[in-house]
Number of protein chains: 2
Amino acid sequence: MRPRLVLFGDSITEMSFQSGGWGAALTDRFARQADVVLRGLSGYNTRWALKVLPRAMEGAADADPAAITVFFGANDASLPDQVSAHQNVPLEEYQSNLRAICGYFKERWPSTAIILITPPPIYEPARIRLCRDIHGVDDPSRQAERTNEAAGSYAQACISVAKELGHPVIDIWTKMQEFPDWQTSALSDGLHFTPTGNQILFHEVVKTLASIGFSQESLPSDLPRYREIDPKDPMKAFEV
Amino acid sequence: MRPRLVLFGDSITEMSFQSGGWGAALTDRFARQADVVLRGLSGYNTRWALKVLPRAMEGAADADPAAITVFFGANDASLPDQVSAHQNVPLEEYQSNLRAICGYFKERWPSTAIILITPPPIYEPARIRLCRDIHGVDDPSRQAERTNEAAGSYAQACISVAKELGHPVIDIWTKMQEFPDWQTSALSDGLHFTPTGNQILFHEVVKTLASIGFSQESLPSDLPRYREIDPKDPMKAFEV
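Everything in this summary refers to the structure shown in the same document. (Residues numbered from 1 in each chain as written. Chains lettered and ligands numbered in written order. Predicted model: local features only at pLDDT ≥ 70, side-chain atom pairs only at ≥ 80, totals over all residues. Heavy atoms only, no water.)

## A look at the environment of B:F105
Phase 1: With respect to the helices and strands, the residue B:F105 is situated in helix α4 (residues 91-108).
Phase 2: Ignoring anything within four residues of it in the chain, the contact list for B:F105 reads B:F8, B:L53, B:M57, B:I68, B:V70, B:P110 and B:I114. (Helix = DSSP H or I, 4+ residues; strand = E, 2+ residues; numbered from the N terminus. Contact = heavy atoms within 4.5 Å.)

See the structure below:
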């Protein structure tokens, strides 16, 4: 049976099939080997995700998927006293929600590899600019609704849950900040990903998948590749 | 149940999740409403596709998908006396193979809308250049292995099968040639699509899907959208 890869997360998952997106890149990479299923919920935090979990997974997989990415925290880490306060989830609840989400998948799909992804870094000036444009708040002393420091705390919290449960984790908060000018080269609005940012995450997911034995090299191809078809006797390739 | 859209075809389908690809764009458009399943087989013609049909559809859908795109002909139309001769399928066989493929889907998934797509136009100078680079043939009088005229005949043949069977058809051969400088703006190597070419097909598929009642406006969203969540009482949106 063709293995399946489920992508579960917030807007950075939902938007992962836009041009240059990491979800589309995964689908392309495993085009002849695996199916990628998108379950992205823009704006959602772990509290809301947990609430809708069974409904969100309807039709996602009948058999255990090979792997599922769980990518929340960017909204949980919204500051509790700014315009996105209603998206905020306290740090401890974020961790217990992550545990509950992983527990749900572990019970429903015992053989599925659960890959946690930390929230990405935040570039505050771009967030302030966006808030000004959307909410019309034009106070230069105004704080961003998300900060890189808060995102970093949630990233650490995510990593510690992953270690506790024994799941692989991608620390995209740290990884992304290793890239030159990540603030604008990897992030489009201080939070969401540019094609470069998408590539960074794509490569991390590919590396993590390979570490659990899910790679182009190890997965069978579902049907003969064009290069395996003998021009002198094409039909031979299709004999079972 | 979340509706499903299956994309079945040759390399132009298999590569449809590359950056700017039409398959990825469909996934993005229906991210909260439908699943898109990729079944692209690079290099395949209708003869080979027909041979592997049940295997190619393994895991694609348990229930009837809402729609399936059937997009072959670019390889069938390869000239029978050039370097891609082994991909050539005579025009009459191409038509009977298309009928058999559609018949298979009609029987397996009676309620699924079958959308035929004609082969795209060909820009011969780019094909000759590619043949020279790949096969090292440097004869300026050399013919391309695919011609726009041949592709046009297969496009007509595809349209006539679609009419005969009562299936919607996208005449991408004609449509693409309406665009300025389509030879290089829509095609990257005289056959495969640039992001612009992908956009042209994407819009045609979206229009055709809408004509059978499959659109952003008509499909339900599987869970509350962020904008429907009341910041003052977020959990209210999740009461079932």
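## Notes on the pattern of salt bridges
Phase 1: Per the stated rule, a full pass over the model turns up 28 salt bridges over all chains.
Phase 2: For B:D133, the salt bridge goes to B:R132, with nearest N and O atoms at 4.0 Å.
Phase 3: In this structure, a network of salt bridges that share partners links the residues A:R2, A:R32, A:D35, A:D222, B:E14 and B:R39. (Salt bridge = Lys/Arg side-chain N within 4 Å of Asp/Glu carboxyl O.)

## With respect to the relation of the copies chain A and chain B
Phase 1: The transformation that overlays chain A on chain B combines an axial shift of 0.0 Å with a rotation of 180°, and the residual RMSD is 0.0 Å. Here the copies are linked by what is in effect a two-fold axis. (Least-squares fit on C-alpha atoms with pLDDT ≥ 70 in both.)

## A word on the packing of aromatic side chains
Phase 1: Evaluated as defined, the whole model comprises 21 aromatic pairs over all chains.
Phase 2: Each ring, one from A:F30 and one from A:F214, has its centre 4.9 Å from the other, and the planes form 70°; the classification is edge-to-face. A residue pair is termed long-range when its members are at least 10 positions apart, and A:F30 in the loop between α2 (22-29) and β2 (35-40) and A:F214 in the segment after α9 (195-211) qualify at 184 residues. As far as burial versus exposure is concerned, A:F30 and A:F214 are alike and both buried.
Phase 3: Consider the rings of A:F238 and B:W48, whose centres lie 5.8 Å apart with planes at 40°: the pair is tilted. Taken together, the residues A:F238 in the segment after α9 and B:W48 in helix α3 (residues 46-56) connect one chain to another. We note that A:F238, like B:W48, is buried.
Phase 4: Following the ring pairs from residue to residue traces out a cluster consisting of A:F8, A:F72, A:Y104, A:F105 and A:W109. (Phe/Tyr/Trp six-rings, centres within 6.5 Å; stacked < 30°, edge-to-face > 60°. Buried < 20%, exposed > 50% of the residue type's maximum accessible area, 1.4 Å probe, protein only.)

## What about the interface of chain A and chain B?
Phase 1: Facing 45 residues of chain A, the contacting portion of chain B comprises 45 residues.
Phase 2: Here chain A packs against chain B, burying approximately 4,000 Å² in sum over the two surfaces, 61% of which is carbon and sulfur.
Phase 3: On the chain A side of the interface with chain B, the three residues burying the most area are A:L223, A:Y226 and A:F238, jointly 16% of the side's total.
Phase 4: At the boundary of chain A with chain B, the tally comes to 14 residue pairs in polar contact (both at pLDDT 80 or more).
Phase 5: Looking at the side of chain A that touches chain B, the elements that each hand over two or more residues are α2, β2 and α3 (46-56) of chain A.
Phase 6: The dominant element in the side of chain A that touches chain B, judged by the number of residues it contributes, is α3(A), at six residues. (Buried area = accessible area lost by both parts, 1.4 Å probe. Polar contact = N/O pair within 3.5 Å; in protein donor to acceptor, adjacent residues only side chain to side chain.)

## Things to note about the side chain of A:E145
Residues and elements named next belong to chain A.
Phase 1: Tracing the backbone through its elements, the reader meets E145 in the loop between α5 (124-135) and α6 (148-165).
Phase 2: At 2.8 Å, the side chain of E145 and the side chain of R127 are in polar contact.
Phase 3: For E145, the contacting residues outside a window of four places in its chain are S78, L79, Q82, V83, S84, R127 and C131.

## Considerations on the pairing of strand β4 (residues 113-117) of chain A
Residue and element names in this part refer to chain A.
Phase 1: Most of β4 is tucked away: five of the five residues are buried.
Phase 2: A two-sided burial pattern is seen for β4, the buried positions comprising A113, I115 and I117 on one face and I114 and L116 on the other.
Phase 3: For strand β3 (residues 67-71) and β4, the ladder comprises four bridges, and the chain directions are parallel. If you follow T69 over to β4, its bridge partner there is I115.
Phase 4: A crossover connection joins β3 to the parallel β4 through helix α4 (residues 91-108); in handedness this β-α-β unit is right-handed.
Phase 5: Of the pairings in the sheet, the one linking β4 to strand β5 (residues 169-170) comprises two bridges and is parallel in character. Paired with L116 across the strands is V169, a residue of β5. (Pairing = 2+ DSSP bridges. Right-handed = clockwise from strand over helix to strand, strands pointing away.)

## Thoughts on the sheet that holds strand β4 (residues 113-117) of chain B
Phase 1: Read from one edge of the open sheet, five strands run β2-β1-β3-β4-β5 (chain B), paired in parallel fashion. The sheet is open, and its two borders are formed by β2 (35-40) and β5 (169-170) of chain B, each paired with just one other strand.

## With respect to the nonpolar core
When a protein is soluble and globular, its nonpolar side chains tend to lie buried together.
Phase 1: Counting residues in each nonpolar core, the largest one holds 78 residues, and the members touching the most others are A:W22, A:L26, B:W22 and B:L26.
Phase 2: In contact with A:L26, not counting residues within four places along its chain, are A:L5, A:L7, A:V36, A:F202, A:V205, A:V206 and A:L209. (Core = buried A, V, L, I, M, F, W, Y, C linked by side-chain atoms within 4.5 Å.)

## Some words on the pairing of strand β1 (residues 4-9) of chain A
Residues and elements named next belong to chain A.
Phase 1: With six of six residues buried, β1 lies mostly within the body of the structure.
Phase 2: Residues of β1 alternate between two faces, with R4, V6 and F8 on one and L5, L7 and G9 on the opposite face, all of them buried.
Phase 3: The sheet contact formed by β1 and β2 spans six bridges and is parallel. Across the sheet, the residue bridging to L7 is L38, located in β2.
Phase 4: Relative to β3, β1 runs parallel, the two being bridged by five bridges. Bridging from a neighbouring strand, V6 pairs with I68 of β3.

## Focus on the packing of α2(A) against α9(A)
Residue and element names in this part refer to chain A.
Phase 1: Their axes nearest at 9 Å, the elements α2 and α9 cross at an angle of 45°. One way to sum up the angle between α2 and α9 is to call them oblique. Regarding α2 and α9, the two cross each other, and that crossing is right-handed. The segment α2 lies against α9, with W22, A25, L26 and R29 engaging N198, L201, F202, V205, V206 and L209.
Phase 2: Here the contact of α2 with α9 is composed, by residue class, of eight nonpolar, one polar and one charged. (Axes fitted to C-alpha atoms, helices over the stretch in contact; angles between N-to-C directions. Parallel < 35°, antiparallel > 145°, perpendicular 65-115°, else oblique. Left-handed = near helix turned anticlockwise from the far one by under 90°. Nonpolar A, V, L, I, M, F, W, Y, C, P; charged D, E, K, R; others polar.)

## Things to note about unusual backbone geometry
Phase 1: Residue A:D181 is not a glycine yet carries a positive backbone phi of 55°.
Phase 2: Position of A:D181 relative to the elements: it lies in the loop between α7 (172-176) and α8 (182-185).

## What to know about the packing of α3(A) against α4(A)
Residues and elements named next belong to chain A.
Phase 1: Following both chains from N to C, one finds α3 and α4 inclined at 20°, their axes separated by 9 Å at the closest point. Between α3 and α4, the crossing angle belongs to the class labelled roughly parallel. Every pair of crossing elements has a handedness; the one defined by α3 and α4 is left-handed. Seen from α3, the contacting residues are T46, R47, A49, L50, L53 and P54; seen from α4, they are E93, Y94, N97, L98, A100, I101, Y104, F105 and R108.

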